[in-house]
Amino acid sequence: MDLWYLLFTLALVCANDSLSASDDLLRWPQISKCRSPELETFSCYWTDGNFYNLTAPGTIQLLYMKRNDEDWKECPDYITAGENSCYFNTSYTSIWIPYCVKLANKDEVFDEKCFSVDEIVLPDPPVHLNWTLLNTSQTGIHGDIQVRWDPPPTADVQKGWITLEYELQYKEVNETKWNKLKPELSTMVPLYSLKMGIDYEIRVRSRQRTSEKFGEFSEILYVSFSQIGVEFVHCAEEIEFPWFLVGIFGSCVLAITVILILLSKQPRLKMLIFPPVPVPKIKGIDSDLLKKGKLDEVSSILASHDSYKTQLYSDDLWVEFIELDIEDPDEKKRVSDTDRLLSEEHLKSHSCLGAKDDDSGLASCCEPDIPETDFSASDTCEAISDIDQFKKVTEKEEDLLCLDRKENYESLPSLANTDAQQPRVSTRSGNSQPWPPFAGSTDSASPLIHAQLSHQNTLTTTDFYAQVSDITPAGRVVLSPGKKSKMGRAQCEGCMEQNFTMDSAYFCEADVKKCIAVTSHEEEEPRVQEQSCIDNAYFTTESLTTTGINLGASAAEVQAPSSEIPVPDYTSIHIVHSPQGLVLNATALPVPDKEFNMSCGYVSTDQLNKMMP
Amino acid sequence: MTTMSNKGSSLKGLLVVVLLVSNILLTKEGVTSLPICPNGSVNCQVSLGELFDRAVKLSHYIHFLSSEIFNEFDERYAQGRGFITKAVNGCHTSSLTTPEDKEQAQQIHHEDLLNIVVAMLRSWNDPLIHLASEVQSIKEAPETILWKTVEIEEQNKRLLEGLEKIVGRVHTGETGNEIYSQWEGLPSLQLADEDSRLFAFYNLLHCLRRDSHKIDNYLKVLKCRLIHDSNC
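Residues numbered from 1 in each chain as written. Chains lettered and ligands numbered in written order. Predicted model: local features only at pLDDT ≥ 70, side-chain atom pairs only at ≥ 80, totals over all residues. Heavy atoms only, no water.

Structural notes on the packing of helix H4 (residues 110-134) of chain B against helix H5 (residues 143-170) of chain B
Residue and element names in this part refer to chain B.
- Put simply, H4 and H5 touch, their axes get as near as 9 Å, and they point 155° apart. Our classification of the angle between H4 and H5 gives roughly antiparallel. For H4 against H5, the interelement crossing comes out left-handed.
- The class makeup of the residues in the contact of H4 with H5 is 17 nonpolar, 4 polar and 5 charged. (Axes fitted to C-alpha atoms, helices over the stretch in contact; angles between N-to-C directions. Helix = DSSP H or I, 4+ residues; strand = E, 2+ residues; numbered from the N terminus. Parallel < 35°, antiparallel > 145°, perpendicular 65-115°, else oblique. Left-handed = near helix turned anticlockwise from the far one by under 90°. Nonpolar A, V, L, I, M, F, W, Y, C, P; charged D, E, K, R; others polar.)

Shown next, in the form of structure tokens:
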């Protein structure tokens, strides 16, 4: 910007200098233009310059020469076209013939120009502009007009000597920029969509059809609609924002929203409009019950579902059980196992009962200081909630059994009813209960036996089977209640219960053999050892093995050294006395008859029948 | 029996062929649009007014193209070379006597004027052909100039044909000699000297513009006089 400013000042200074010295500098006369308005005449115009003042007032002449002429001729008319002009009328004008004109005085030639007349055509402006209203829009805001004019009078358009085209320009009165239309040949042009309340200005200019230069503009035509008395309604030019429509629309939306909200409150309509998506559900069980933790109700409902029973243990491949369903009225007196199970539910936390060591993976989610029986059938902690309850119940029963043994005879009558306790396997992992029938048949047995049996039965209700572990010289048949009973026995004897899986509730493990061996040779009433009767009746196999060793050591103190007699899982009936007694060969053949199932401690009823005389 | 059947089939085939050929011929006649026949015309052809309209349109188009070519050539090659022709070299059509102003154009007989126009068109036939071919040898000739010269050459032929038709309609007497000016400027277009060559092109294009304007004007005058009765 600074540079431009500097240059500008320099130019001004120079111009000033030149102007101040303008007397010295001559400006030569120049031919400014030569023009033919109608292709019939032409005229040339020049500028004087300052020469005229300085030198002698020599006349400046315009000389012209046609192509065929030999010398220069002087301008025929200096007047008609005005000052410093030369006018050539039709007689001097020849079209399509080259002319040369020069501006000179006697001494020198100032300027020279050569042209032909058809090249210098610049028509005059059109005349007689006027406009008429074509039609108005329905709203009365816009209108169409037609503008008409006449060609310049000098141009002979009618004979076709010259062809003109016209350019119309229009604008609103307040505007500064002209709107241009495309050049047209016709002298009538419509203007569409003009605003009725505004005045317009229109002007037209013309040119020869094949030329590029336009002539002068015509006079301006003023268009005012009020002049012709057109009714004009003053409407807003722009469409206003339709507030009314917006308000209506908004209210409708609000109403719809309110209706939807109201409908959603009513469940019936809500069901109708938004039907609930079916979710997996068990009949009769409300998910709220589970959420509230009312498992007793849930379990009762589940118990009523047969499918649940099988499902719970369906994947337990190791378990083969006979589902005994012997009705016993006395049983009703006792608290149902389910109740017992469920009553113990709150004793144990819902934390999953896991084993310290097991392969089922439950150890991760269980408290390490609570060794519990591991049920392989349960994969998740929650799944064994019922099993846990069962465990608790059985454990409690174990305790009960241990306690009962103390007051064996005292509570015998009370327990007499328990002899026929049916091993309902509905709520626990099913194991064969080979002995209950046997136990049931020994009603005529001695009360002690009964008690024992009842104990056994009691245990068998929680346990899977009972086996005769010893026969006292007094004729007592000591039946050990299988795993649990063994465990219980072991517990009473000081054995640590081992960790049993549901399927191996009856002894298959050799781990407990030491414990059993200890207990089997016992001829005394199984003593309850407090230390063993702990609430937590379930031990891991590890603890069992360790305790087994301990027990073996302790047992050695207590009783006769145990002989490593593998306690079979079953006992053969050696002598069947009269109803008074039953002599069972405690040391059963390690290999019983082949008929017997060598599977872990499980004697089928058929085998039992065979054993029985 | 077989010969009879053969004859019958051959006759049928011949009939079919005859029908087809006649159909083709008739439809061919029908394909070309039949314009409205002017009153009193023997032949059902395009009217004179329509012929003139077409001729005027063509002549205007030719003049428009030649103006543009000249302007482009002037702008590109003539600047700075001093081609401003103080005395334009005579065009080869100068030998033809043509009306030089409006009075002369109005006084001349329309048939003579038509003959002049036709002569001019014929005179330009040859130069235009050579112009279209020689322009391409100009160094870095713009594409617009090239195709415009070709276009002008084509349109000139069409205009000549149309005018010959008009002449056939208008002329009552004999058609007259076929006069036209011979163009001999081809060697100048092929000069070795670039400046001289370009000057020759400049002159030729200048003459073309002028003569096309002449032809356009004459035809318009004739049209207004003959068709619109001097009231365009």
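Digging into the packing of aromatic side chains
- Under the counting rule described, the total for this entry stands at 16 aromatic pairs over all chains.
- Ring geometry for A:Phe42 and A:Phe88: centres 4.2 Å apart, planes at 10°, overall stacked. Of the two residues, A:Phe42 is situated in strand S2 (residues 42-47) and A:Phe88 in strand S5 (residues 85-88); the sequence distance between them amounts to 46 residues.
- A relative accessible area of 0% places A:Phe42 in the buried class.
- Accessibility expressed as a relative area gives 0% for A:Phe88, which makes it buried.
- Ring plane angle 40° and centroid distance 5.0 Å describe the contact between B:Phe73 and B:Tyr77, whose orientation is recorded as tilted. Note that B:Phe73 and B:Tyr77 are positioned in helix H2 (residues 48-78) at a spacing of 4 residues, about one turn of the helix. (Phe/Tyr/Trp six-rings, centres within 6.5 Å; stacked < 30°, edge-to-face > 60°. Buried < 20%, exposed > 50% of the residue type's maximum accessible area, 1.4 Å probe, protein only.)

What about the state of the cysteines?
Residue and element names in this part refer to chain A.
- Inspection of every chain in the model, using the stated rule, returns 5 disulfides over all chains.
- What pairs with Cys34 in a disulfide is Cys44, and their sulfur atoms sit 1.8 Å apart. Here Cys34 and Cys44 share a disulfide; its torsion about the S-S bond, 110°, makes the bridge right-handed. One end of the pair, Cys34, is in strand S1 (residues 30-35); the other, Cys44, is in strand S2, with 10 residues separating them in the sequence.
- You can call Cys34 buried: its relative accessible area is 10%.
- Disulfide partner of Cys75: Cys86, at an S-S distance of 1.6 Å. Handedness of the Cys75-Cys86 disulfide follows from its S-S torsion of about 115°: it is right-handed. Linking Cys75 in the loop between strand S4 (73-74) and S5 with Cys86 in strand S5, this pair joins segments that are 11 residues apart in sequence. Like Cys75, the residue Cys86 is buried in the burial classification. (Disulfide = S-S within 2.5 Å.)

Digging into the nonpolar core
- One finds A:Leu62 and A:Ile202 to be the most contacted residues of the largest nonpolar core, which totals 100 residues.
- Considering every element that reaches this core, the biggest residue donor is helix H7 (residues 194-226) of chain B, with 13 residues. (Core = buried A, V, L, I, M, F, W, Y, C linked by side-chain atoms within 4.5 Å.)

Focus: unusual backbone geometry
- For A:Leu39, which is not a glycine, the phi torsion comes out positive at approximately 70°.
- Along the polypeptide, A:Leu39 turns up in the loop between S1 and S2.

Regarding the side chain of A:Ser224
Residue and element names in this part refer to chain A.
- Structurally, Ser224 is set in the loop between strand S14 (221-223) and helix H3 (243-265).
- The class of Ser224 is buried, set by a relative accessible area of 7%.
- There is a polar contact of 3.0 Å between the side chain of Ser224 and the side chain of Asp199.
- With residues up to four places along the chain from it excluded, the contact list for Ser224 reads Trp131 and Asp199. (Polar contact = N/O pair within 3.5 Å; in protein donor to acceptor, adjacent residues only side chain to side chain. Contact = heavy atoms within 4.5 Å.)

A few points about a nonpolar patch on the surface
Residue and element names in this part refer to chain A.
- A cluster of nonpolar side chains, Leu3, Trp4, Leu6, Leu7 and Leu10, forms an exposed patch at the surface whose accessible area comes to about 580 Å².
- Tracing the sequence through the fold places Leu10 in helix H1 (residues 2-20).
- Judged by relative accessible area, Leu10 falls into the partly exposed class, the value being 47%. (Patch = residues over 30% accessible without salt bridge, like charges linked within 9 Å, V, L, I, M, F, W, Y side chains within 5 Å. Areas by Shrake-Rupley, 256 points an atom, 1.4 Å probe, with all protein chains shown as cover. Salt bridge = Lys/Arg side-chain N within 4 Å of Asp/Glu carboxyl O.)

Observations concerning the pattern of salt bridges
- Enumeration according to the criterion identifies 19 salt bridges over all chains in this entry.
- Measuring nitrogen to oxygen at the nearest pair gives 2.5 Å for the salt bridge that ties B:Arg209 to A:Glu119. One end of the pair, B:Arg209, is in helix H7; the other, A:Glu119, is in the loop between strand S7 (109-116) and strand S8 (127-136), on a second chain.
- Put simply, B:Arg54 and B:Glu50 hold a salt bridge, and the shortest N to O gap is 3.4 Å. With a gap of 4 residues between them, B:Arg54 and B:Glu50 both fall in helix H2, about one helical turn apart.
- Among the ionic contacts, a cluster of salt bridges with common partners joins A:Glu40, A:Asp156, A:Lys159 and B:Lys102.

Quick notes on H4(B)
Residue and element names in this part refer to chain B.
- If you check H4, its first and last C-alpha atoms are 36 Å apart, about what 25 residues at 1.5 Å a residue would give, namely 36 Å.
- Where H4 bends most, at Asn125, the angle is about 30°, and the proline Pro127 comes one to four residues later.
- Of all 25 residues in H4, 18 are buried, a share of seventy percent or more. (Expected span 1.5 Å × (residues − 1). Bend = angle between axes of the 7 residues up to and from the residue.)

As for the sheet that holds S5(A)
All names here are of chain A.
- Spatially, 3 strands are ordered S1-S2-S5 in an open sheet, and the strand pairing comes out antiparallel. Among the strands making up the open sheet, the edge pair consists of S1 and S5. Averaged over all adjacent pairs, the angle separating strand axes in this sheet is 15°, with direction ignored. (Pairing = 2+ DSSP bridges.)

Points about the interface of chain A and chain B
- Between chain A and chain B, the residue contacts involve 25 residues of the former and 28 residues of the latter.
- Interface of chain A and chain B: buried area, both sides summed, is about 2400 Å²; carbon and sulfur atoms make up 51% of it.
- For the chain A face of the interface with chain B, the top three residues by lost area are A:Trp96, A:Trp161 and A:Thr210, together amounting to 31%.
- At the boundary of chain A with chain B, the tally comes to 3 salt bridges.
- In this structure, B:Lys102 engages A:Asp156 in a salt bridge whose closest nitrogen and oxygen atoms are separated by 2.7 Å. (Buried area = accessible area lost by both parts, 1.4 Å probe.)

What about the sheet that holds strand S9 (residues 142-150) of chain A?
All names here are of chain A.
- Strands sit in the order S8-S9-S12 across an open sheet of 3 strands; the sheet is antiparallel. Lying at the two open borders of the sheet, with one neighbouring strand each, are S8 and strand S12 (188-195). Ignoring which end each strand starts from, the neighbouring axes of this sheet average 25° apart.
- For S8 and S9, the ladder comprises 7 bridges, and the chain directions are antiparallel. Among the inter-strand pairings, Trp131 is bridged to a residue of S9, identified as Val147.

Topic: the environment of B:Phe199
Residues and elements named next belong to chain B.
- Its place among the elements puts Phe199 in helix H7.
- Taking relative accessible area as the criterion, Phe199 reaches 26% and is therefore assigned partly exposed.
- Sequence separation of Phe199 and Arg81 is 118 residues, and the distance between their C-alpha atoms is 8.9 Å.

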